[in-house]
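# What the coordinates show
So the chains spell out like this:
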Amino acid sequence: MTILILLLLFCTFLITTLLGEFFLTKEKNKNEHIQKLYSDAQEKCVIKLVSVGPDKIKIIKALRECTDWDITITKNKVEAPLPAVLIVDMPIALAEELRTKLEKLATIIEIHKY
């Protein structure tokens, strides 16, 4: 009986370890993609949020895909009084990618290059 319990605990440990590695690897790959875009970029820009579409949850998800913000920071930025500076020092390529995602959600951003 104790061997069965130990075996069950060991299997549970292996499953949680493997699942944890999977999710950590997925998050690490997302962050590496963002960091690569930041390091490769020559031109940077400021993104200003002008208007927010009706589906704030999808907007927050789209922003989190292009940034490394947690959900509370993203939610606060989306719900801030408009117009508001959303991101400073973002690469142009990532800003254009973000613009296309947000335009599909009826959200308007302005990109100011410098």
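Higher on the page you've got the structure.
Keep in mind it's a predicted model, so treat the numbers as computed, not measured.

This part takes up the nonpolar core. Counting 21 residues, the largest nonpolar core has Ile47, Met90 and Leu98 as its most contacted members. Those elements that place two or more of their residues in this core are β1 (44-51), α2 (56-66), β2 (84-91), α4 (92-103) and β3 (108-113). Filtering out sequence-adjacent residues up to four positions away, leucine 98 remains in contact with Ile47, Ala62, Leu63, Cys66, Ile87, Met90 and Ile109.

Before going further, it helps to spend a moment on the side chain of threonine 67. Among the structural elements, threonine 67 can be located in the loop between α2 and α3 (71-78). At 2.8 Å, the side chain of threonine 67 forms a polar contact with the backbone oxygen of leucine 63. Separated by 3.5 Å, the side chain of threonine 67 and the backbone nitrogen of tryptophan 69 make a polar contact.

Here is what the cut-offs are and how they apply
- Counting restarts for each chain: residues are numbered from 1 in the order of the written sequence.
- Residues qualify for local features only when their pLDDT is at least 70, as the model is predicted, and side-chain atom pairs are given and counted only at 80 or more; totals for whole chains, interfaces and linings, by contrast, use all residues.
- No hydrogens and no water enter the side-chain calculation; it runs on all heavy atoms of the structure.
- Definition used in this section: a nonpolar core is a set of buried Ala, Val, Leu, Ile, Met, Phe, Trp, Tyr and Cys residues joined via side-chain atoms within 4.5 Å.
- The classification of residues rests on relative accessible area computed with a 1.4 Å probe and restricted to protein chains. Under 20% of the type maximum is buried, over 50% is exposed, and intermediate values are partly exposed.
- Counting from the N terminus, the helices are the DSSP runs of H or I reaching at least four residues and the strands are the DSSP runs of E reaching at least two.
- For this analysis, residues touch if any pair of their heavy atoms sits within 4.5 Å.
- As used in this structure description, the phrase polar contact means that two N or O atoms lie within 3.5 Å; if the pair is within protein, one of them must be able to donate a hydrogen and the other to accept it, and residues adjacent in sequence are counted only when both atoms belong to side chains.

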